[in-house]
Amino acid sequence: MTAVGGASGFSAGAGSKALAAAHERLLADPTLQFDFTPIPKLPRINLPPWMEAIGRWIAGVAKAIGPYAINIFWIGLALAAVAVVFLIARELSGARWPGLRRRASIRPSPADWRPEAFRARALLEDADRLAAAGRFDEAAHLLLLRGVDEIEDRRPRLVKPALTARDIAALAEVPPAARGAFSTIAAVVETSLFGGARLDGEAWRRCREAYQAFAFPRAWA
């Protein structure tokens, strides 16, 4: 029994020494940190009085609407849903019945509409000066460009950038009288620009008469 007890005491002493040695090695390990510096308290930030007043006001508003926050949320959600449904319905109605959207977007012309005659006369004066100098091609081209402007003024969004003069002359939305006058100008200018033929006084006269018919009220009646 004595031997057993001595062995047991030896084992306990050896274990204590081994534990102490392991503890020393742990403390000596430079990769481990055992001392932690306390985090310093952040200094108090002194806000300007006006900013503190705003903060108190916001806190007061939040406290006041707190009990009703859930109701406000559901009301906002319902309004957003109504707006989405409205936008979808508007798009679907425009796709299914495009005539409705077109009528809504184009304002009807007043019954007593008159063209700006002074602009047409000023243009004719400029074109006549070019023709008097023998520059019939430029004079006719000027009338054609002004004719396109007239169509755009009277029928907004009708003239697309990709359309040629011949395409514009064939647009069904342009009144027949004006369409015929514009077609005459377009045909003469096409002969000059793409056919390589120089315009003479007779061709210019046809363009001028066609523009007069195109620009003044009787062509748009």
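Not measured: the values here are computed from a predicted model. Throughout this description, residue numbers start from 1 for each chain and increase along the sequence as written. Where totals are concerned, whole chains, interfaces and linings use all residues; where local detail is concerned, this predicted model gives features only for residues with pLDDT of at least 70, and gives and counts side-chain atom pairs only at 80 or more. Think of the side-chain values as coming from all heavy atoms in the structure, minus any hydrogens and water.

1. Quick word on the confidence of the model for the protein chain
Point 1. pLDDT is a residue-level measure of predictor confidence that goes from 0 to 100. Taken as a whole, the protein chain shows an average pLDDT of 76; of its residues, 80% reach a score of 70 or greater.
Point 2. Below pLDDT 50 for its whole length, residues 1-5 participates in zero contacts with residues either more than four positions away or in separate chains. Contacts are assigned to residue pairs that have any heavy atoms within 4.5 Å of one another.

2. Concerning the side chain of R146
Point 1. In this text, helices come from DSSP runs of H or I with a minimum length of four residues, and strands from runs of E with a minimum of two, each type numbered from the N-terminal end. Within the fold, R146 resides in helix 6 (residues 136-154).
Point 2. Under the relative-accessibility criterion, R146 is labelled buried at 10%.
Point 3. For R146, the contacting residues outside a window of four places in its chain are R119, L123, D153 and Y211. The cut-offs for exposure are 20% and 50% of the maximum accessible area for each residue type, with area from a 1.4 Å probe on protein chains only; residues under the lower value are buried, those over the upper are exposed, and the others partly exposed.

3. Topic: a nonpolar patch on the surface
Point 1. Patch membership requires more than 30% relative accessible area and the absence of a salt bridge. Residues of like charge join within 9 Å; the nonpolar side chains Val, Leu, Ile, Met, Phe, Trp and Tyr join within 5 Å. Only the protein chains shown count as cover for residues, with accessible areas throughout obtained via the Shrake-Rupley method and a probe of 1.4 Å. The rule for a salt bridge is simple: a side-chain nitrogen of Lys or Arg has to be within 4 Å of a carboxyl oxygen of Asp or Glu. Nonpolar side chains collect at one region of the surface, where I45, L47, W50, M51, I54, W57, I58, V61, I65, Y68 and I72 lie side by side and expose about 1,100 Å² of accessible area between them.
Point 2. No other element matches the seven residues that helix 2 (residues 49-65) contributes to the nonpolar patch.
Point 3. The topology assignment puts L47 in the loop between helix 1 (2-28) and helix 2.
Point 4. Using a relative accessible area of 40% as the deciding quantity, one classes L47 as partly exposed.

4. Focus on the environment of D137
Point 1. By the element assignment, D137 lies in helix 6.
Point 2. Through-space distance from the C-alpha of D137 to that of R198 is 6.7 Å; in sequence the pair is 61 residues apart.
Point 3. Discounting residues that sit within four places of it in the chain, D137 has contacts with S192, A197, R198 and L199.
Point 4. Two N or O atoms form a polar contact when they lie within 3.5 Å of each other; inside protein one atom must be a possible hydrogen donor and the other a possible acceptor, and for residues adjacent in sequence the pair counts only when both atoms belong to side chains. In this structure the side chain of D137 is engaged in a polar contact, spanning 2.8 Å, whose partner is the side chain of R198.

5. A short note on the packing of aromatic side chains
Point 1. Only centres within 6.5 Å qualify two rings of Phe, Tyr or Trp (six-membered ring in Trp) as a pair; their planes then separate them into stacked at under 30 degrees, edge-to-face at over 60, and tilted for everything else. Tallying each qualifying case throughout the model produces one aromatic pair.
Point 2. Here the aromatic rings of F73 and W74 are separated by 5.2 Å at their centres, their planes lie at 70°, and the arrangement is edge-to-face.
Point 3. A residue is classified by how much of its surface remains accessible, and F73, at 47% relative accessible area, is partly exposed.

6. Some thoughts on helix 8 (residues 176-193)
Point 1. Along its 18 residues, helix 8 runs 25 Å from first to last C-alpha, staying within 8% of the 26 Å computed at 1.5 Å per residue.
Point 2. Elements in contact with the buried residues of helix 8: helix 6, helix 7 (165-169) and helix 9 (201-215). Helices are assigned an expected span. That span is 1.5 Å times one less than the residue count.

7. Describing the nonpolar core
For soluble globular proteins, the rule of thumb is that nonpolar side chains tend to be buried together.
Point 1. Among the nonpolar cores identified, the biggest contains 34 residues, and L143, L144, I151, F182, W204, Y211 and F214 are the most heavily contacted of them.
Point 2. Of all elements in the fold, only helix 5 (117-132), helix 6, helix 7, helix 8 and helix 9 reach the threshold of two or more residues within this core. Nonpolar cores are built from buried Ala, Val, Leu, Ile, Met, Phe, Trp, Tyr and Cys residues. Side-chain atoms within 4.5 Å join them into one set.

8. As for helix 6
Point 1. Compared with the 27 Å implied by 1.5 Å per residue over 19 residues, the 27 Å span of helix 6 between its first and last C-alpha is a close match.
Point 2. Turning to helix 6, its buried residues number three or more, namely F136, D137, A139, A140, L143, L144, R146, G147, E150, I151 and R154.
Point 3. The secondary structure elements touched by the buried residues of helix 6 are helix 5, helix 7, helix 8 and helix 9.

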